[in-house]
Amino acid sequence: MVQSPTSLFDVSGKVVLITGGAQGMGRMIAEGFVAGGAKVYITSRKADVAAAAAAAMAETGTCVALARDLSSPEDASALAREITEREPRLDVLVNNAGRTWGAPMENFPDKAWAPVMAVNVQAPFTLVRDLLPLLRAAASASDPARVINIGSLAGRIVERLSAFSYAASKAAVHHLTRELAAELARDQITVNTVVPGYFPTQMTSHIRAEEERLTGLVDRIPLGRLGSAEDVVGACVMLSSRAGAYITGSEIVIDGGLAGCR
Ligand SMILES: NC(=O)c1ccc[n+]([C@@H]2O[C@H](COP(=O)([O-])OP(=O)(O)OC[C@H]3O[C@@H](n4cnc5c(N)ncnc54)[C@H](OP(=O)(O)O)[C@@H]3O)[C@@H](O)[C@H]2O)c1
(Lines give C-alpha, C1' and ligand atoms only; values in the text may rest on other atoms or scores of the structure.)
Protein backbone atom coordinates (compact mmCIF):
# COMPACT_ATOMS: atom_id res chain seq x y z
CA MET A 1 0.00 0.00 0.00
CA VAL A 2 1.42 3.39 -0.96
CA GLN A 3 2.01 5.91 1.84
CA SER A 4 -0.55 8.66 2.28
CA PRO A 5 0.41 12.09 0.89
CA THR A 6 0.66 13.38 4.48
CA SER A 7 3.25 10.78 5.36
CA LEU A 8 5.04 11.12 1.97
CA PHE A 9 5.74 14.79 2.71
CA ASP A 10 6.50 14.36 6.44
CA VAL A 11 9.66 16.11 7.68
CA SER A 12 8.94 15.88 11.41
CA GLY A 13 11.90 14.98 13.60
CA LYS A 14 14.45 15.84 10.92
CA VAL A 15 17.47 17.96 11.86
CA VAL A 16 17.80 20.77 9.32
CA LEU A 17 20.42 23.51 8.85
CA ILE A 18 19.38 26.51 6.77
CA THR A 19 22.08 29.10 6.09
CA GLY A 20 20.71 32.62 6.00
CA GLY A 21 17.53 31.26 7.57
CA ALA A 22 16.72 34.38 9.59
CA GLN A 23 15.43 36.49 6.72
CA GLY A 24 14.19 36.46 3.17
CA MET A 25 13.80 33.17 1.38
CA GLY A 26 15.77 31.29 4.06
CA ARG A 27 13.28 32.48 6.66
CA MET A 28 10.38 31.25 4.50
CA ILE A 29 12.04 27.82 4.22
CA ALA A 30 12.81 27.75 7.94
CA GLU A 31 9.22 28.57 8.88
CA GLY A 32 8.03 25.72 6.66
CA PHE A 33 10.34 23.15 8.26
CA VAL A 34 9.59 24.37 11.80
CA ALA A 35 5.84 24.12 11.08
CA GLY A 36 6.48 20.60 9.77
CA GLY A 37 7.98 19.52 13.09
CA ALA A 38 11.67 19.57 12.15
CA LYS A 39 14.46 20.80 14.44
CA VAL A 40 15.80 23.76 12.51
CA TYR A 41 19.12 25.60 12.84
CA ILE A 42 19.26 29.01 11.16
CA THR A 43 22.20 31.34 10.63
CA SER A 44 22.60 35.07 10.22
CA ARG A 45 25.69 37.28 10.34
CA LYS A 46 23.90 39.27 13.03
CA ALA A 47 23.35 37.56 16.39
CA ASP A 48 20.33 39.73 17.27
CA VAL A 49 18.62 39.06 13.91
CA ALA A 50 19.20 35.31 14.25
CA ALA A 51 17.97 35.28 17.84
CA ALA A 52 14.81 37.28 17.06
CA ALA A 53 13.94 35.04 14.11
CA ALA A 54 14.53 31.86 16.11
CA ALA A 55 12.46 33.17 19.03
CA ALA A 56 9.54 33.98 16.69
CA MET A 57 9.69 30.53 15.07
CA ALA A 58 10.19 28.74 18.40
CA GLU A 59 6.58 29.65 19.17
CA THR A 60 5.46 26.99 16.69
CA GLY A 61 8.32 24.48 16.97
CA THR A 62 12.06 24.05 17.44
CA CYS A 63 14.41 26.65 16.00
CA VAL A 64 17.98 27.40 17.08
CA ALA A 65 19.86 30.58 16.14
CA LEU A 66 23.52 30.62 15.18
CA ALA A 67 25.44 33.82 14.44
CA ARG A 68 27.73 33.04 11.53
CA ASP A 69 29.31 34.83 8.61
CA LEU A 70 30.00 32.65 5.57
CA SER A 71 32.40 34.94 3.75
CA SER A 72 35.34 32.56 3.94
CA PRO A 73 35.86 28.79 3.95
CA GLU A 74 37.14 29.11 7.52
CA ASP A 75 33.78 30.64 8.48
CA ALA A 76 31.92 27.77 6.81
CA SER A 77 34.13 25.21 8.57
CA ALA A 78 33.46 26.93 11.91
CA LEU A 79 29.70 26.59 11.31
CA ALA A 80 30.12 22.91 10.46
CA ARG A 81 32.10 22.39 13.69
CA GLU A 82 29.38 24.13 15.71
CA ILE A 83 26.69 21.85 14.27
CA THR A 84 28.90 18.80 14.81
CA GLU A 85 29.31 19.71 18.48
CA ARG A 86 25.53 19.87 18.89
CA GLU A 87 24.15 17.08 16.72
CA PRO A 88 25.08 13.46 15.95
CA ARG A 89 23.40 13.66 12.52
CA LEU A 90 22.14 16.17 9.97
CA ASP A 91 19.19 15.16 7.81
CA VAL A 92 18.92 18.25 5.60
CA LEU A 93 21.38 21.02 4.69
CA VAL A 94 19.87 23.97 2.85
CA ASN A 95 22.58 26.18 1.34
CA ASN A 96 20.47 29.32 1.04
CA ALA A 97 22.74 32.22 2.09
CA GLY A 98 23.70 34.25 -0.94
CA ARG A 99 24.84 37.65 -2.01
CA THR A 100 24.69 39.64 -5.20
CA TRP A 101 26.37 42.63 -6.79
CA GLY A 102 24.86 44.74 -9.51
CA ALA A 103 26.65 47.34 -11.62
CA PRO A 104 26.80 48.33 -15.29
CA MET A 105 29.24 46.29 -17.39
CA GLU A 106 31.63 49.24 -17.89
CA ASN A 107 31.94 49.83 -14.14
CA PHE A 108 31.57 46.27 -12.88
CA PRO A 109 34.39 46.12 -10.30
CA ASP A 110 36.91 43.35 -9.82
CA LYS A 111 35.99 43.32 -6.15
CA ALA A 112 32.49 42.12 -7.09
CA TRP A 113 33.76 38.63 -7.87
CA ALA A 114 35.57 37.03 -4.92
CA PRO A 115 33.00 37.79 -2.18
CA VAL A 116 30.08 36.64 -4.32
CA MET A 117 31.79 33.40 -5.33
CA ALA A 118 32.88 32.82 -1.71
CA VAL A 119 29.37 32.97 -0.22
CA ASN A 120 27.44 31.52 -3.15
CA VAL A 121 29.73 28.69 -4.29
CA GLN A 122 32.61 27.96 -1.95
CA ALA A 123 30.69 28.10 1.33
CA PRO A 124 28.11 25.52 0.15
CA PHE A 125 30.94 23.21 -0.95
CA THR A 126 32.85 23.61 2.33
CA LEU A 127 29.71 22.99 4.36
CA VAL A 128 28.90 19.80 2.48
CA ARG A 129 32.51 18.59 2.81
CA ASP A 130 32.80 19.33 6.52
CA LEU A 131 29.31 18.08 7.37
CA LEU A 132 29.76 14.77 5.51
CA PRO A 133 30.11 12.70 8.71
CA LEU A 134 26.81 14.07 10.01
CA LEU A 135 25.05 13.69 6.65
CA ARG A 136 26.34 10.11 6.36
CA ALA A 137 25.11 9.39 9.89
CA ALA A 138 21.59 10.46 8.82
CA ALA A 139 21.58 8.67 5.47
CA SER A 140 19.90 5.40 4.52
CA ALA A 141 18.59 3.94 1.27
CA SER A 142 14.97 4.49 2.29
CA ASP A 143 15.60 7.94 3.75
CA PRO A 144 18.71 9.62 2.28
CA ALA A 145 20.28 12.72 3.78
CA ARG A 146 19.53 15.74 1.61
CA VAL A 147 21.50 18.75 0.42
CA ILE A 148 19.45 21.52 -1.18
CA ASN A 149 21.35 24.30 -2.89
CA ILE A 150 19.41 27.46 -3.62
CA GLY A 151 20.37 28.46 -7.15
CA SER A 152 18.76 31.14 -9.30
CA LEU A 153 16.92 31.63 -12.54
CA ALA A 154 19.73 34.10 -13.31
CA GLY A 155 22.12 31.14 -13.37
CA ARG A 156 19.93 29.23 -15.81
CA ILE A 157 18.72 31.79 -18.34
CA VAL A 158 19.96 35.27 -19.21
CA GLU A 159 17.92 37.81 -17.27
CA ARG A 160 20.00 40.94 -18.05
CA LEU A 161 20.27 41.93 -14.36
CA SER A 162 23.79 43.39 -14.64
CA ALA A 163 24.73 41.02 -11.82
CA PHE A 164 27.52 39.28 -13.71
CA SER A 165 29.34 37.55 -10.86
CA TYR A 166 26.03 36.56 -9.25
CA ALA A 167 24.66 34.93 -12.42
CA ALA A 168 27.95 33.09 -12.98
CA SER A 169 28.06 31.98 -9.33
CA LYS A 170 24.56 30.54 -9.54
CA ALA A 171 25.34 28.68 -12.78
CA ALA A 172 28.35 27.29 -10.88
CA VAL A 173 26.10 26.16 -8.02
CA HIS A 174 23.81 24.37 -10.46
CA HIS A 175 26.74 22.40 -11.84
CA LEU A 176 28.31 21.87 -8.42
CA THR A 177 25.03 20.25 -7.41
CA ARG A 178 25.37 17.66 -10.15
CA GLU A 179 29.03 17.01 -9.29
CA LEU A 180 28.19 16.49 -5.62
CA ALA A 181 25.12 14.40 -6.42
CA ALA A 182 27.29 12.00 -8.43
CA GLU A 183 29.97 11.95 -5.74
CA LEU A 184 27.61 11.34 -2.83
CA ALA A 185 24.95 9.05 -4.32
CA ARG A 186 26.78 5.98 -3.01
CA ASP A 187 26.51 7.48 0.48
CA GLN A 188 22.73 7.85 0.08
CA ILE A 189 23.02 11.63 0.18
CA THR A 190 20.93 13.44 -2.43
CA VAL A 191 21.97 16.85 -3.76
CA ASN A 192 19.54 19.04 -5.67
CA THR A 193 19.12 22.66 -6.66
CA VAL A 194 15.99 24.71 -6.07
CA VAL A 195 15.99 27.41 -8.74
CA PRO A 196 13.84 30.39 -7.73
CA GLY A 197 12.61 33.01 -10.14
CA TYR A 198 11.53 36.26 -8.46
CA PHE A 199 10.52 36.32 -4.79
CA PRO A 200 9.74 39.38 -2.64
CA THR A 201 12.89 39.62 -0.49
CA GLN A 202 15.61 42.18 0.13
CA MET A 203 17.47 40.87 -2.91
CA THR A 204 14.69 41.97 -5.28
CA SER A 205 13.71 45.14 -3.39
CA HIS A 206 15.32 47.38 -6.05
CA ILE A 207 13.11 45.80 -8.74
CA ARG A 208 9.96 45.97 -6.64
CA ALA A 209 10.64 49.59 -5.64
CA GLU A 210 10.05 50.79 -9.22
CA GLU A 211 6.39 50.32 -10.10
CA GLU A 212 6.98 50.24 -13.84
CA ARG A 213 9.75 47.67 -13.51
CA LEU A 214 7.66 45.48 -11.21
CA THR A 215 4.66 45.61 -13.54
CA GLY A 216 6.88 44.75 -16.49
CA LEU A 217 8.32 41.79 -14.58
CA VAL A 218 4.96 40.41 -13.46
CA ASP A 219 3.62 40.78 -17.02
CA ARG A 220 6.54 38.66 -18.21
CA ILE A 221 5.89 35.83 -15.70
CA PRO A 222 3.51 33.32 -17.34
CA LEU A 223 1.67 32.62 -14.05
CA GLY A 224 1.39 36.38 -13.46
CA ARG A 225 2.82 36.77 -9.95
CA LEU A 226 5.99 36.68 -7.87
CA GLY A 227 6.88 33.56 -5.90
CA SER A 228 5.55 33.08 -2.36
CA ALA A 229 6.72 31.30 0.79
CA GLU A 230 4.51 28.31 0.01
CA ASP A 231 6.15 27.91 -3.39
CA VAL A 232 9.69 27.59 -2.03
CA VAL A 233 8.66 25.64 1.08
CA GLY A 234 6.76 23.16 -1.09
CA ALA A 235 9.83 22.44 -3.21
CA CYS A 236 12.19 22.11 -0.22
CA VAL A 237 9.82 19.92 1.82
CA MET A 238 9.21 17.66 -1.17
CA LEU A 239 12.96 17.22 -1.71
CA SER A 240 13.51 16.53 2.01
CA SER A 241 10.72 14.02 2.59
CA ARG A 242 9.98 10.49 1.38
CA ALA A 243 8.41 12.10 -1.69
CA GLY A 244 11.82 13.32 -2.88
CA ALA A 245 13.99 10.39 -1.79
CA TYR A 246 14.69 9.21 -5.37
CA ILE A 247 15.58 12.65 -6.79
CA THR A 248 19.22 13.66 -7.02
CA GLY A 249 21.28 15.87 -9.31
CA SER A 250 18.10 17.71 -10.33
CA GLU A 251 16.89 21.27 -10.57
CA ILE A 252 13.42 22.18 -9.32
CA VAL A 253 12.59 25.45 -11.04
CA ILE A 254 10.07 27.63 -9.18
CA ASP A 255 9.68 30.66 -11.40
CA GLY A 256 6.05 30.83 -12.51
CA GLY A 257 7.07 29.54 -15.93
CA LEU A 258 9.69 32.14 -16.88
CA ALA A 259 12.24 29.55 -18.01
CA GLY A 260 10.02 26.67 -19.06
CA CYS A 261 7.35 28.53 -21.03
CA ARG A 262 9.72 30.22 -23.46
N1 LIG B 1 14.67 36.74 -3.95
C2 LIG B 1 14.73 36.18 -5.13
O3 LIG B 1 13.93 36.48 -6.01
C4 LIG B 1 15.77 35.12 -5.42
C5 LIG B 1 15.78 34.59 -6.70
C6 LIG B 1 16.71 33.60 -7.00
C7 LIG B 1 17.57 33.13 -6.03
N8 LIG B 1 17.54 33.69 -4.78
C9 LIG B 1 18.48 33.15 -3.80
O10 LIG B 1 17.82 32.93 -2.59
C11 LIG B 1 18.76 32.99 -1.53
C12 LIG B 1 18.23 33.90 -0.44
O13 LIG B 1 18.18 35.22 -0.95
P14 LIG B 1 17.00 36.22 -0.56
O15 LIG B 1 16.21 36.44 -1.76
O16 LIG B 1 16.34 35.76 0.66
O17 LIG B 1 17.83 37.55 -0.33
P18 LIG B 1 18.17 38.33 1.02
O19 LIG B 1 16.93 38.70 1.72
O20 LIG B 1 19.14 39.38 0.60
O21 LIG B 1 18.91 37.24 1.90
C22 LIG B 1 20.24 36.88 1.72
C23 LIG B 1 20.56 35.88 2.80
O24 LIG B 1 21.92 35.49 2.67
C25 LIG B 1 22.59 35.71 3.90
N26 LIG B 1 23.95 36.17 3.63
C27 LIG B 1 24.35 37.12 2.74
N28 LIG B 1 25.67 37.30 2.81
C29 LIG B 1 26.13 36.45 3.77
C30 LIG B 1 27.41 36.16 4.30
N31 LIG B 1 28.51 36.80 3.89
N32 LIG B 1 27.50 35.22 5.27
C33 LIG B 1 26.41 34.58 5.70
N34 LIG B 1 25.16 34.80 5.25
C35 LIG B 1 25.04 35.73 4.27
C36 LIG B 1 21.80 36.78 4.62
O37 LIG B 1 21.97 36.61 6.00
P38 LIG B 1 22.08 37.84 7.06
O39 LIG B 1 21.89 39.12 6.29
O40 LIG B 1 20.95 37.59 8.03
O41 LIG B 1 23.42 37.70 7.66
C42 LIG B 1 20.38 36.48 4.19
O43 LIG B 1 19.77 35.52 5.01
C44 LIG B 1 20.07 33.46 -2.14
O45 LIG B 1 20.92 32.37 -2.39
C46 LIG B 1 19.62 34.07 -3.44
O47 LIG B 1 20.63 34.07 -4.41
C48 LIG B 1 16.66 34.68 -4.46
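Keep in mind it's a predicted model, so treat the numbers as computed, not measured.

Cut-off values and rules
- Residues numbered from 1 in each chain as written.
- Predicted model: local features only at pLDDT ≥ 70, side-chain atom pairs only at ≥ 80, totals over all residues.
- Heavy atoms only, no water.
- Pairing = 2+ DSSP bridges.
- Helix = DSSP H or I, 4+ residues; strand = E, 2+ residues; numbered from the N terminus.
- Axes fitted to C-alpha atoms, helices over the stretch in contact; angles between N-to-C directions.
- Buried < 20%, exposed > 50% of the residue type's maximum accessible area, 1.4 Å probe, protein only.
- Parallel < 35°, antiparallel > 145°, perpendicular 65-115°, else oblique.
- Left-handed = near helix turned anticlockwise from the far one by under 90°.
- Contact = heavy atoms within 4.5 Å.
- Nonpolar A, V, L, I, M, F, W, Y, C, P; charged D, E, K, R; others polar.
- Expected span 1.5 Å × (residues − 1).
- Salt bridge = Lys/Arg side-chain N within 4 Å of Asp/Glu carboxyl O.
- 1 Å grid on protein atoms, 1.4 Å probe; cavity = no way out; pocket = protein on both sides within 12 Å on 5 of 7 lines; lining within 4 Å.
- Points joined across faces, edges and corners; volume = space filled by probe spheres on them.
- Near = heavy atom within 4 Å.
- Polar contact = N/O pair within 3.5 Å; in protein donor to acceptor, adjacent residues only side chain to side chain.
- Areas by Shrake-Rupley, 256 points an atom, 1.4 Å probe, with all protein chains shown as cover.
- Sits in = over half its atoms within 2 Å of the grid points.

A separate point is the sheet that holds strand β6 (residues 189–196). Read across the sheet, seven strands follow the order β3-β2-β1-β4-β5-β6-β7 without closing on themselves; strand pairing throughout is parallel. At either margin of the open sheet sits one strand with a lone partner, and together these are β3 (62–67) and β7 (251–254). Shown here is a sheet whose adjacent strand axes are inclined to one another by a mean of 20 degrees, direction ignored. The sheet contact formed by strand β1 (residues 15–18) and strand β2 (residues 39–44) spans four bridges and is parallel. Bridge pairing links L17 to Y41 in β2.

Of the two faces of strand β4 (residues 92–95), the one lined by V92 and V94 and the one lined by L93 and N95 are each fully buried. Pairing of β1 with β4, which is carried by three bridges, proceeds in the parallel orientation. When the bridges of β4 are listed, I18 appears paired with V94. With four bridges connecting them, β4 and strand β5 (residues 145–150) associate as parallel partners.

Further remarks concern the packing of helix α5 (residues 114–138) against helix α6 (residues 164–184). The interhelical angle for the contact between α5 and α6, taken along N-to-C directions, is 15 degrees, at an axis separation of 8 Å. Between α5 and α6, the crossing angle belongs to the class labelled roughly parallel. Classified by chirality, the crossing of α6 by α5 is right-handed. Taken together, the residues of α6 that come into contact with α5 (itself represented by V116, M117, N120, V121, F125, V128 and L132) are S165, Y166, S169, K170, A172, V173, L176, L180 and L184. Its residues placed into classes, the contact of α5 with α6 shows 12 nonpolar, three polar and one charged.

Our next topic: helix α2 (residues 24–35). Taking 1.5 Å per residue, 12 residues should reach 16 Å; α2 reaches 17 Å between its end C-alpha atoms and fits that length. Those residues of α2 that fall on the buried side of the exposure criterion are M25, G26, M28, I29, A30, G32, F33 and V34. Directly after α2, the chain includes G37, whose backbone phi takes a positive value near 90 degrees.

Between side chains of opposite charge, a pair can form as their charged atoms come close. All chains considered together, the criterion is met by 15 salt bridges. K39 is the salt-bridge partner of E87, the closest N and O atoms lying 2.6 Å from each other. Of the two residues, E87 is situated in the loop between α4 (73–86) and β4 and K39 in strand β2; the sequence distance between them amounts to 48 residues. One salt bridge in this structure joins R225 and D231, with 2.8 Å as the shortest N-O distance. By sharing partners, the salt bridges in this structure join K14, D143 and R146 into a single network.

Our focus in this paragraph is the layout of surface pockets. Of the volumes computed, that of the largest pocket is approximately 1,200 Å³. Mapped onto the lining of the largest pocket, the elements with two or more residues apiece are α2, β2, α6 and α7 (205–209). If you tally residues by element for the lining of the largest pocket, the top one is α2, at three residues. Taken together, the residues of the lining of the largest pocket break down into 17 nonpolar, 18 polar and eight charged.

Right, let's talk about the site of the ligand for a bit. In the vicinity of the ligand there are 28 residues, among which S44, R45, Y166, F199 and T201 approach most closely. Here R45 contributes a backbone N or O atom positioned 2.7 Å from an oxygen atom of the ligand. L70 is positioned such that a nitrogen or oxygen atom in its backbone is 2.8 Å from a nitrogen atom of the ligand. Summarising the interface, the protein chains cover 94% of the accessible area of the ligand, which totals 880 Å² for the free molecule. A molecule is said to occupy a pocket when more than half its atoms come within 2 Å of that pocket's grid points, and by this definition the ligand occupies the largest pocket. Broken down by secondary-structure element, the contributors of at least two residues to the shell around the ligand are α2 and α6. Partitioning the shell around the ligand into residue classes produces 10 nonpolar, 13 polar and five charged.

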